[in-house]
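Residues per chain, in single letters:
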Amino acid sequence: MTPPSWLDAFPARLAELDPGHLRRQRHVVTPGSGARLNVDGQAMLAFCSNDYLGLATHPALVQAACDGARAYGVGSGGSPLVSGHSAANASLEQALATFVGLERALYFYAGYAANIGIIPALVGAGDAVFSDALNHACLIDGARLSRARIHRYAHADLAALDSQLSQSSAPRKLVITDAVFSMDGDSADIAGLLALCERHDALLLLDDAHGFGVLGPQGRGSLAAAGFHAVQASRRVLYMATLGKAAGVAGAFVAGPGVLVEWLLQKTRSYIFATAAPALLATALRASLQLIEHENWRRIHLEVLIARLRSGLSAGLQGSGWQLSDSKTAIQPLLIGRNDVALAAMEGLRQRGIWVPAIRPPTVPEGTARLRIALSAAHTEGDVDLLIDALTALARASCRHRADELFS
Ligand SMILES: *Cc1c(COP(=O)(O)O)cnc(C)c1O
């Protein structure tokens, strides 16, 4: 008889995910026109993409990727520290640093890899990391990997951060935060954070995955939007942003003072021990940067859509208990509360051909299940009106349903 093995338990462990609706499922998607997606074979109007400027399918980017493939092939063939650092990747780093007004940039194949590598390169055992409670998972994972002591401060609570920084005697202090919070759409107080870092001899790592390309003059990002650009940039900030969201391609970069970026190049394990991103992505990203910088109409159109959604929903949802959170960005979460109601709303939209993901705990705090609406310059005003009408109808139906429950 074969002895029992822990491997036999996986079917039961998978089955345990089902009762709480915790088993994740992927949908097979292909792009349609505008903001439409074919999802599992069905055409849907999608409000779930981080392609905020509508660049992911842009012909100029596709052409640049093809040109890059012709010039460089499709694989980089090695780590950037061996033979993978192509001329295309090198000039992309230059262009990114110039664009965000910082001294030097380092280009990574993914944002997740950047954050889990950067934090352990900067701090280690005996040091301290200060982390906003709503930070993205890869900042949290990077902090854990560093083995530094982690101090979690309440979301956006600078007074709490100030007192934690005062009480810490760690030789190296690193503050890590999303610049735009991915499930709420609100922005960190960058000036306030930098002032605290200055006062307490700390370094700030800013993750601008959702601000780069969208916020600030010409889309130069949250740091520029907060007034820190070029000469004003503090030596206390490392600016990290991803290139698979508004930039429409893939990858990430970290930029800052030359000496810090040189240190990261020497010490970031996820950079050193991984194959460099293919050059065709860098050539596509150069084309993307051109459009980000020069096509202001994309950001203006996005602003119009954000305002339209907010005014349409605040009228349509009055008295429903469903509420838009206080966000000025393309991430417009609609707080619903109960998990089952959020899931029912997602399903109701799906039946109307609209795709908005429901986000539940543990991704968001208990009792704050929500629909995470993401707007894009690829949407039309008509698209937004369809969403407003559908959500208004669903909220009314949900109210009636709750009233029925109450009075039956
Ligand atoms: C998406 C995201 C990342 C990860 O970037 P990838 O390039 O997708 O790996 C990191 N931080 C935040 C805040 C994000 O939203």
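Residues numbered from 1 in each chain as written. Predicted model: local features only at pLDDT ≥ 70, side-chain atom pairs only at ≥ 80, totals over all residues. Heavy atoms only, no water.

J.: Can you lay out the pattern of salt bridges for me, pointing to particular residues and giving the numbers?
T.: In this structure the tally under the stated criterion is 16 salt bridges. Asp 162 serves as the salt-bridge partner of Arg 199, at 3.3 Å between the closest nitrogen and oxygen. Highlighted residues: Arg 199 in helix H7 (residues 190-199) and Asp 162 in helix H6 (residues 158-167), separated in sequence by 37 residues. Note on Arg 199: relative accessible area 57%, which makes it exposed. Two residues, Arg 338 and Asp 340, come together in a salt bridge whose shortest N-O distance is 2.9 Å. Through salt bridges with shared partners, a single network forms among Glu 198, Asp 201 and Arg 236. (Salt bridge = Lys/Arg side-chain N within 4 Å of Asp/Glu carboxyl O. Helix = DSSP H or I, 4+ residues; strand = E, 2+ residues; numbered from the N terminus. Buried < 20%, exposed > 50% of the residue type's maximum accessible area, 1.4 Å probe, protein only.)

J.: Could you give an account of the packing of aromatic side chains, with specific residues and numbers?
T.: Each aromatic ring pair is described using two quantities: the centre-to-centre distance and the angle formed by the ring planes. Enumeration over the complete set of coordinates arrives at five aromatic pairs. Aromatic pair Phe 99 and Phe 212: ring centres 5.8 Å apart, planes at 80°, arrangement edge-to-face. Taken as a pair, Phe 99 in helix H3 (residues 87-100) and Phe 212 in the loop between strand E8 (202-207) and helix H8 (222-225) lie far apart in primary sequence, 113 residues in all. Phe 212 shares its class with Phe 99; the two are buried. Aromatic pair Phe 212 and Phe 253: ring centres 5.3 Å apart, planes at 70°, arrangement edge-to-face. Within this pair, whereas Phe 212 is found in the loop between E8 and H8, its partner Phe 253 is found in strand E10 (residues 252-256), the two being separated by 41 residues in sequence. Aromatic ring contacts, followed pair by pair, group Phe 99, Phe 212, Tyr 239 and Phe 253 into a single cluster. (Phe/Tyr/Trp six-rings, centres within 6.5 Å; stacked < 30°, edge-to-face > 60°.)

J.: Can you tell me about the domain arrangement of the protein, naming the residues and giving the values?
T.: With domains assigned, the protein is organised as domain 1 (28-53 + 296-407) and domain 2 (59-294). Using only C-alpha atoms to locate each centre, domain 1 and domain 2 end up separated by 29 Å. Listed per partner, the contact involves 19 residues of domain 1 and 19 residues of domain 2. Taken over both partners, the interface formed by domain 1 and domain 2 buries close to 1,500 Å², and the fraction arising from carbon and sulfur atoms is 58%. Run the count over domain 1 and domain 2 and you get one salt bridge. At the surface where domain 1 touches domain 2, the tally comes to 11 residue pairs in polar contact (both at pLDDT 80 or more). When residues of the side of domain 1 that touches domain 2 are assigned to their parent elements, the largest contribution, three residues, is made by helix H12 (residues 296-316). Of the residues contributing to the side of domain 1 that touches domain 2, the split by class is seven nonpolar, six polar and six charged. (Domains from an automatic or database assignment. Contact = heavy atoms within 4.5 Å. Buried area = accessible area lost by both parts, 1.4 Å probe. Polar contact = N/O pair within 3.5 Å; in protein donor to acceptor, adjacent residues only side chain to side chain. Nonpolar A, V, L, I, M, F, W, Y, C, P; charged D, E, K, R; others polar.)

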